[in-house]
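Survey of secondary and tertiary structure
If you want the building blocks of each chain, they are given just below.
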Amino acid sequence: MSDLTPPSEILLRHTREFAERSVIFSGNLQDLLPAQFNARQIRVHTQEYHHWRLLSPVLKNDIQFGVLPSEDLVSKTDTVIFYWPKNKAQAQFQLEHLCSLFPSQTNIFIVGENRSGIGSAKALLAENVGLHKMDAARRCSLYYGRLKQKPVFNMESQWRRYQVKDVQIKTLPGVFSANQLDEGSQLLLSSFDIPLSGKVLDLACGAGVLGTILARQSPQIELTLSDVNAAALESSRANLAVNHIKARVVPSDLYSDIPERFNLILSNLPFHKGLKTDLKMIEKCIEEAPEHLYKGGKLRLVANAFLPYPKLLNRTFGHYEVLTQNARFKVYQATL
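Residues numbered from 1 in each chain as written. Predicted model: local features only at pLDDT ≥ 70, side-chain atom pairs only at ≥ 80, totals over all residues. Heavy atoms only, no water.

**As for the packing of helix 9 (residues 280–288) against helix 10 (residues 309–317)**
Stated precisely, the cut-off is as follows: Helix axes are fitted to C-alpha atoms over the stretch in contact, other axes to C-alpha atoms as well, and angles between N-to-C directions run from 0 to 180 degrees. A run of H or I in DSSP counts as a helix once it spans at least four residues, and a run of E counts as a strand once it spans at least two, with each numbered from the N terminus. By the definition adopted for this analysis, an angle is roughly parallel if under 35 degrees, roughly antiparallel if over 145, roughly perpendicular if from 65 to 115, and oblique otherwise. Each helix crossing is assigned a hand: it is left-handed if the near helix lies turned anticlockwise from the far helix by less than a right angle, otherwise right-handed if that turn is clockwise. Contacts are assigned to residue pairs that have any heavy atoms within 4.5 Å of one another. We call Asp, Glu, Lys and Arg charged. Ala, Val, Leu, Ile, Met, Phe, Trp, Tyr, Cys and Pro are nonpolar, and the rest, Gly among them, are polar.
The geometry of helix 9 relative to helix 10 is characterised by a closest axis approach of 9 Å and an angle of 30° between their N-to-C directions. Judged by the angle between their axes, helix 9 and helix 10 are roughly parallel. In this structure, helix 9 meets helix 10 at a crossing whose hand is right-handed. Each of I282, E283, I286 and E287 in helix 9 lies in contact with helix 10, whose residues at this interface are Y309, L312, L313, R315, T316 and F317. Per-class residue counts for the contact of helix 9 with helix 10 are six nonpolar, one polar and three charged.

Printed below as a string of structure tokens:
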């Protein structure tokens, strides 16, 4: 996280633009630029808990972790710098809310990688912001415009809903499996013999679909859902509530805020960081799992078949088994 990403590097080509501005950073910010940025005032909103943990010692009360920024956080700021995420629906969700908090003529800067779809920003915001391309470098683009009119933001209309058998699912834009249960999670669920018992951790839970379904099938389990993303955590809370399930929801960068042990840890881990393949999260999940399992406890993971899970599981546990598989995915289990 110490190195700047290409979107941040393109912003630094325009530092004079921001020296006298009160800036709020938001969106898919992936580095520590706000800690070294030159502006009259700097505030940050992030949906990523690990990013909040890194920046909060420096920014103190000027950084906020959550689904959406509060009105207090954006007050007295006159400029938005928004990092475009790879998910267009997520970008629209966050930008609609941000723009609804500001008066007209607020300065809006949008930056991101070209392959993330930032080219659609101009059309997406045409009704409320007149954007024009300000710069392009490092396969990134920087857009600038002023807010023409505040959009009306309705949080309730942002929720997506679907059903998995008798379990109701609610998700927010940008959360994994936002519109339907993905194939890997389906395969993982099919590997369980019900009922389960003991303490269960749904790690990097997304919308909490796996844990919610297992808790409906085995209501006696003591369930914890954890994720690094605020929208995922909010979706998890919503799914527990709508399905009348009691469980704990914890913001955590993998095991960072989870000190205890479990009988079962399950996960469908992401292997991308933004648009790039990144196995660090997978490696850390497996390497640190024994510290969070009781003796005889199990780590059960679903993964794309081409990923090096066998090597990682053998290195940490000395063994593993494949419980089930299809053409694309395998379900692995290792026992402590």
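**Focus on the pairing of strand 6 (residues 132–137)**
Residues in a regular strand point their side chains to alternate faces of the sheet. Worth spelling out the cut-off: Paired strands, in this sense, are two strands between which DSSP finds at least two bridges.
Across five bridges, strand 6 lies against strand 7 (residues 140–146) in antiparallel orientation. Its bridge partner being in strand 7, H132 is matched across the sheet by Y144. With antiparallel pairing between neighbouring strands as the criterion, strand 6 and strand 7 make up a hairpin whose turn holds two residues, including R138 at a positive phi of roughly 50°.

**Side note on the environment of Q220**
Applied cut-off: By the criterion applied in these results, polar contacts are pairs of N or O atoms within 3.5 Å in which, for protein atoms, one can donate a hydrogen and the other can accept it, and in which residues neighboring in sequence qualify only through two side-chain atoms.
Turning to its location among the elements, Q220 is positioned in the loop between helix 7 (209–217) and strand 11 (222–227). For the pair Q220 and E183, spaced 37 residues apart in sequence, the C-alpha separation works out to 27 Å. The residues touching Q220, leaving out its near neighbours within four places in the chain, are P195, L196 and S197. A distance of 2.6 Å separates a polar atom in the side chain of Q220 from the backbone oxygen of L196.

**Points about the packing of aromatic side chains**
Our working rule: We call Phe, Tyr and Trp rings a pair once their centres come within 6.5 Å, taking the six-membered ring for Trp, and we label the pair stacked below 30 degrees between planes, edge-to-face above 60, and tilted otherwise. In our convention, an over-ring charge means Lys NZ or Arg CZ found within 6 Å of a ring centre and within 35 degrees of that ring's normal.
On inspection of all chains with the given rule, the structure shows ten aromatic pairs. Here a set of aromatic residues connected by ring pairs shows up, and it is made of F18, F25, F37, Y83, F109 and Y144. Positioned over the ring face of F262 is K199, at 5.2 Å from the centre of the ring. When the ring centre of F192 is taken as reference, the NZ or CZ atom of R300 above it lies at 4.1 Å.

**Thoughts on the sheet that holds strand 18 (residues 329–335)**
Taking strand neighbours across the sheet as the criterion, the seven strands line up as 12-11-10-13-16-18-17 in an open arrangement whose pairing is mixed. With partners counted over all chains shown, the strands left at the sheet margins are strand 12 (248–251) and strand 17 (321–325), one partner each. Averaged over all neighbouring strand pairs, the angle between strand axes comes to 20°, with direction disregarded. Relative to strand 12, strand 11 runs parallel, the two being bridged by four bridges. Counted as the bridge partner of D227 is P251 from strand 12. Each of strand 11 and strand 12 touches helix 8 (residues 230–242); the most contacted strand, strand 11, lies at about 155° to it.

**Things to note about the pattern of salt bridges**
Defined as follows: By salt bridge we mean one thing: a side-chain nitrogen of Lys or Arg within 4 Å of a carboxyl oxygen of Asp or Glu. Remark: exposure states derive from per-residue accessible area (1.4 Å probe, protein chains only) relative to the maximum for the residue type, with buried under 20%, exposed over 50%, and partly exposed in between.
This structure, assessed with the given rule, holds twelve salt bridges. For R138, the salt bridge goes to E9, with nearest N and O atoms at 2.0 Å. Taken together, the residues span a long stretch of sequence, with R138 in the loop between strand 6 and strand 7 and E9 in helix 1 (residues 6–12) at a distance of 129 residues. On the basis of relative accessible area, E9 is assigned to the partly exposed category, the value being 30%. Between E17 and R21 there is a salt bridge, and its shortest N-O distance comes to 3.2 Å.

**Concerning the packing of helix 6 (residues 183–190) against helix 7**
Two elements in contact, helix 6 and helix 7, have axes separated by 11 Å at closest approach and are oriented at 30°. Overall, the two elements helix 6 and helix 7 adopt an arrangement that is roughly parallel. Here the hand of the crossing between helix 6 and helix 7 comes out right-handed. Counting all contacts with helix 6, which are made through S185, L188 and L189, the residues of helix 7 involved are L210, I213 and L214. The residue inventory of the contact of helix 6 with helix 7, partitioned by class, reads five nonpolar, one polar and no charged.

**Here we look at the side chain of E48**
Relative to the helices and strands, E48 resides in the loop between strand 2 (41–46) and helix 2 (49–59). By relative accessible area, E48 is classed as buried at 18%. Apart from residues no more than four positions distant in its own chain, E48 is found in contact with F65, V228 and N229.

**A word on the pairing of strand 18**
Here strand 18 lies mainly inside the structure; five of its seven residues are buried. Sheet topology places strand 16 (residues 293–304) next to strand 18; seven bridges connect them, and they run antiparallel. The partner of N304 across the bridge, within strand 18, is F329. Both strand 17 and strand 18 contribute to a ladder of four bridges, which runs antiparallel. By the bridge assignment for strand 18, V322 is matched with Y332.

**Brief notes about the environment of K295**
Counting through the fold element by element, K295 comes out in strand 16. When the C-alpha positions of K295 and N263 are compared, they lie 8.2 Å apart, and in sequence the two are 32 residues distant.

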